[in-house]
Amino acid sequence: MREYLNPRNWFKGNNKDLTTEELKAFQNKGDSGGESKSDAKNATGEGIADVEFSGQGGFGSQSLGSFNIFYNNYLSSQTSSENEKIDKYREMAEVPEIADVVEDAVNEATQSDDDGRIFNLKIKDEKLEKNENKNSKLQEEFDDFFYNTLDIEENIWQIFYNYLVDGRVYYERIINENKQKNGIKGIKILPTKTMDFIYDKRTGKIQYYLQYLSENVQSTPQTYEEAKEDPNVIIFHPSQIGYIEYGMKGKSKKEIKGYLDKAKVPYNQLKWLETAVIIYRIVRAPERFVFKVDTGSMPLKKSMKFAEKVKEKLSKKVTYDPQSGELSNEADITGMMENFFLPQSADGRGSDVTTVGGSSAGFKELDDIYYFQKKLYQALKYPRSRVEAKHEGQSGDIQFNDRTGEIARDEIKWAKFLERQQNKICKEFKDLFMLHLQFKGEKKSQSLERDSFDIVMNDPNEYKTQMEQNYWATKVENYMDLANNEEFSKYFLMKEMLGWSDEKIKENSDGFNQDEKLGFEQEDSGF
C-alpha cells in the first residue's frame with residue numbers, strides 16, 4: 001500500500017529555520033499575491049464551476065427498480081466528500097490493471113534524456129538568448145535550484161504519481177524568513193486529504209489555502225475570519241502553496257474529478273464481474289456427491305426423515321477439545337478422496353453414492369471479462385494496441401502499423417495526453433522558479449518576465465522523433481524525384497520542397513568544398 005498521508009520533506013539544510021505557518025514574506029509575491037479592487041470589480045459573471053448546486057431530482061429519480069438501485073449503489077456509486085473520492089481513487093490504483101497504466105504513464109512522462117535531465121530551461125526572449133552572460137547565469141541558477149535544492153530527479157516520480165491518482169497535489173514552498181535573499185530552500189508535500197482553500201466565488205481566484213490538523217472535519221471555514229478562529233486550521237498565503245489539479249471540475253471549484261474518475265464505472269463493473277466468476281467457480285465448478293439412500297418401503301414422510309438423518313450424520317462430526325474438555329459438532333466437508341462403506345442386499349438393493357461433474361466454464365469463457373478490461377483501459381486513455389498485445393501474450397510495448405515506422409494512432413493520442421499533464425507540471429514549476437528568482441532579486445535585476453523562458457520536460461515517447469524522420473524522408477524523396485528535372489532549379493526545390501533558408505543552402509554549398517578538402521568522394525545525389 002502506498003503512503004499518501006505522510007508528507008515528505010524535500011529540502012536540505014536546517015529544519016529549525018523553516019516554518020509551516022502563514023508567512024508575511026509571501027504577500028505580494030508571485031502571480032497570486034493580492035488583487036486590486038478594480039480587478040475584482042471588473043471580474044463579473046459566474047461559470048458553472050463557481051456555483052454551488054444542490055442535487056435536483058429529475059426523470060428516473062423516483063420508482064427505481066432493483067437494477068437501478070444496484071447500479072447506483074455499486075457500479076456508479078457517488079462519494080459524499082472529496083476525501084471519500086480520494087480514498088476511492090487510491091483503492092482503484094491498487095488494482096493491477098490500473099496500477100500498470102498509472103506507472104506506465106508516470107514512467108513515460110518523467111523519463112530523462114541522454115544527460116540524465118528530466119526538466120530543461122528553454123529561453124524564449126531573443127535579447128536574453130543573445131546575452132550569453134545573463135543566459136548562462138540563469139541556466140546555472142536553474143540547474144542549482146532544480147537539481148540540487150529540490151533534488152527533482154528523485155522526487156518528480158512521486159509528484160506525478162500522486163497527481164494522477166489523487167487528481168491534485170499540494171506542496172509548501174519553504175523559505176528561511178530571516179534570509180529571504182537566499183530564495184526558496186525546498187518544497188514539502190502536504191497530505192492531500194488535509195488540504196482545502198477559500199476562493200472568490202466571482203473570479204474563482206484562490207484567496208487562502210487551509211490545512212486541517214485532523215482529516216475528519218465536521219465543518220469547513222468559509223471565510224478567513226472563521227479559519228483564523230479555528231485552532232485546528234493552519235492558514236497559508238496563496239503564494240506559499242503550490243497546487244496542481246487535473247483540471248476537470250464538478251459542481252464547484254473544490255470538486256475535482258481526477259484522472260481515474262472516468263474509470264470508476266468500468267472498474268466497478270470489472271470488479272463485480274470477476275467476483276461473479278470466482279463465485280461461479282467455487283459454487284458450480286467442484287464435483288459433487290449424490291447420495292442415493294435406500295429407504296426400502298418406508299412411507300414418504302418417514303423416508304424423508306431417514307434421509308435427513310443420514311445427511312446430518314455425514315455432514316457433522318463430533319470433535320473433542322483436549323484444552324477445554326468439551327465436545328462440539330463441527331461441519332464435516334466431505335473430501336473427494338474419502339471412502340464410503342455402505343451395506344447392500346444380495347439382490348443389489350441398497351444405498352449408492354454417485355457424482356455430478358462440475359462446470360469448468362467459469363474460467364474458459366472470459367470474453368466478457370476482456371470486454372470490460374478494454375472499457376477500463378479506454379477510460380484511462382491507454383493505447384488499445386498495447387491492451388490487445390497483452391491479451392495475446394505479447395510484450396505490450398509501443399505498437400506500429402503495417403507500414404514500417406508508422407506509429408499507431410492510439411500511441412500518438414496517449415503521448416498527447418501525457419504532454420498535456422507535463423505542461424501543467426511545467427507551468428507550476430515555472431511559477432515556483434519565478435518566485436525563487438523574485439526572492440533572490442534576480443527577476444528584477446535581469447528584467448525577467450513569464451514569457452522570458454519556459455520549463456519543458458522530455459517527450460513521453462519517441463513518436464515525435466519517428467514522425468519527424470518519416471516527414472523528412474518524404475521531403476527528401478520528393479526532392480530527389482524532381483532534382484534531375486531540367487524544368488526545376490535545385491535552388492527552387494531546396495526552398496520549396498526542403499524548406500531550407502538561403503543561409504542553409506549556402507551552408508550546404510560550402511559543405512561540398514569542405515568535403516573536397518577532406519577527401520570525401522562525391523556522388524551525383526541531386527544536392
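Scroll up a little and you will see the structure.
All of the points below concern the structure found in this document. (Residues numbered from 1 in each chain as written. Predicted model: local features only at pLDDT ≥ 70, side-chain atom pairs only at ≥ 80, totals over all residues. Heavy atoms only, no water.)

Let us now look at the sheet that holds strand β6 (residues 206–212). Spatially, the three strands line up as an open sheet ordered β5-β6-β7, and their pairing is antiparallel. Bordering the open sheet on either side are β5 (195–199) and β7 (233–236), each of which pairs with just one other strand. Each strand of the sheet is rotated relative to its neighbour by a mean of 30°, with strand direction disregarded. For β6 and β7, the ladder comprises four bridges, and the chain directions are antiparallel. Considered in β7, the bridge of Tyr209 is made with Phe236. (Pairing = 2+ DSSP bridges. Helix = DSSP H or I, 4+ residues; strand = E, 2+ residues; numbered from the N terminus. Axes fitted to C-alpha atoms, helices over the stretch in contact; angles between N-to-C directions.)

On inspection of all chains with the given rule, the structure shows 26 aromatic pairs. Ring plane angle 10° and centroid distance 5.3 Å describe the contact between Trp157 and Tyr161, whose orientation is recorded as stacked. Taken together, the residues Trp157 and Tyr161, both in helix α7 (residues 152–166) and four residues apart, mark about one turn of the helix. Assessed through its relative accessible area of 24%, Trp157 is described here as partly exposed. A centroid spacing of 5.7 Å and a plane angle of 70° characterise the contact between Phe433 and Phe453, whose relative ring orientation is edge-to-face. Of this pair, Phe433 sits in helix α13 (residues 409–440) while Phe453 sits in strand β15 (residues 453–457); the two residues are 20 residues apart in sequence, bridging distant segments of the chain. A network of ring pairs unites the aromatic residues Phe119, Phe142, Phe145, Phe146, Tyr147, Phe429, Phe433 and Phe453 as a single cluster. The ring of Tyr246 has Lys424 lying over it, and the distance from NZ or CZ to the ring centre is 5.0 Å. (Phe/Tyr/Trp six-rings, centres within 6.5 Å; stacked < 30°, edge-to-face > 60°. Buried < 20%, exposed > 50% of the residue type's maximum accessible area, 1.4 Å probe, protein only. Lys NZ or Arg CZ within 6 Å of the ring centre and 35° of its normal.)

Attention now goes to the nonpolar core. Counting 68 residues, the largest nonpolar core has Phe119, Phe146, Tyr259 and Phe429 as the members making the most contacts within it. The biggest single contributor to this core is α13, with 12 residues. Filtering out sequence-adjacent residues up to four positions away, Tyr259 remains in contact with Val101, Val102, Leu164, Tyr246, Leu380, Trp414 and Phe417. (Core = buried A, V, L, I, M, F, W, Y, C linked by side-chain atoms within 4.5 Å. Contact = heavy atoms within 4.5 Å.)

In this section: the packing of α7 against α13. At a minimum axis separation of 12 Å, α7 and α13 run at an interaxial angle of 120°. Considered as vectors, α7 and α13 are oriented oblique to each other. Regarding α7 and α13, the two cross each other, and that crossing is right-handed. Of α13, the residues touching α7 (which contributes Ile152, Ile156, Ile159, Phe160 and Tyr163) are Gln421, Gln422, Lys424, Ile425 and Phe429. Considering only residue class, the contact of α7 with α13 consists of seven nonpolar, two polar and one charged. (Parallel < 35°, antiparallel > 145°, perpendicular 65-115°, else oblique. Left-handed = near helix turned anticlockwise from the far one by under 90°. Nonpolar A, V, L, I, M, F, W, Y, C, P; charged D, E, K, R; others polar.)

Here the focus is helix α11 (residues 367–379). Over its 13 residues, α11 extends 19 Å from the first C-alpha to the last, a length consistent with the 18 Å expected when each residue adds 1.5 Å. Within α11, burial applies to Ile369, Gln373, Leu376, Tyr377 and Ala379. The buried residues of α11 occupy an angular sector of 160° when the element is viewed end-on, so they sit on one face. In α11, those exposed residues whose orientation departs by more than 90 degrees from the buried face are Asp367 and Gln378. At the C-terminal side of α11, Lys381 shows a positive phi close to 65°. (Expected span 1.5 Å × (residues − 1). Arc of directions from axis to C-beta.)

In this structure the tally under the stated criterion is one cavity of 30 Å³ or more. Considering only enclosed or pocket space, the largest cavity measures out at about 50 Å³ in volume. Around the largest cavity sit 10 residues that line it, and Asn162, Asp166, Ile189, Leu190 and Thr192 are the ones nearest its centre. The element that contributes the greatest number of residues to the lining of the largest cavity is strand β3 (residues 168–175), accounting for three residues. Its residues assigned to classes, the lining of the largest cavity comprises six nonpolar, two polar and two charged. (1 Å grid on protein atoms, 1.4 Å probe; cavity = no way out; pocket = protein on both sides within 12 Å on 5 of 7 lines; lining within 4 Å. Points joined across faces, edges and corners; volume = space filled by probe spheres on them.)

So, about the packing of helix α4 (residues 96–109) against α13. In a pair of packed helices, the angle between the axes and the distance between the axes together describe the arrangement. In the contact formed by α4 and α13, the axes pass within 10 Å of each other and the chain directions differ by 70°. One element, α4, and the other, α13, form an angle in the roughly perpendicular class. Both α4 and α13 take part in a crossing whose hand is right-handed. Listed contacts from α13 to Val101, Ala105, Glu108 and Ala109 of α4 are Trp414, Leu418 and Gln422. Of the residues assigned to the contact of α4 with α13, the class counts are five nonpolar, one polar and one charged.

So far we have only geometry, and geometry alone does not tell us how the molecule works.
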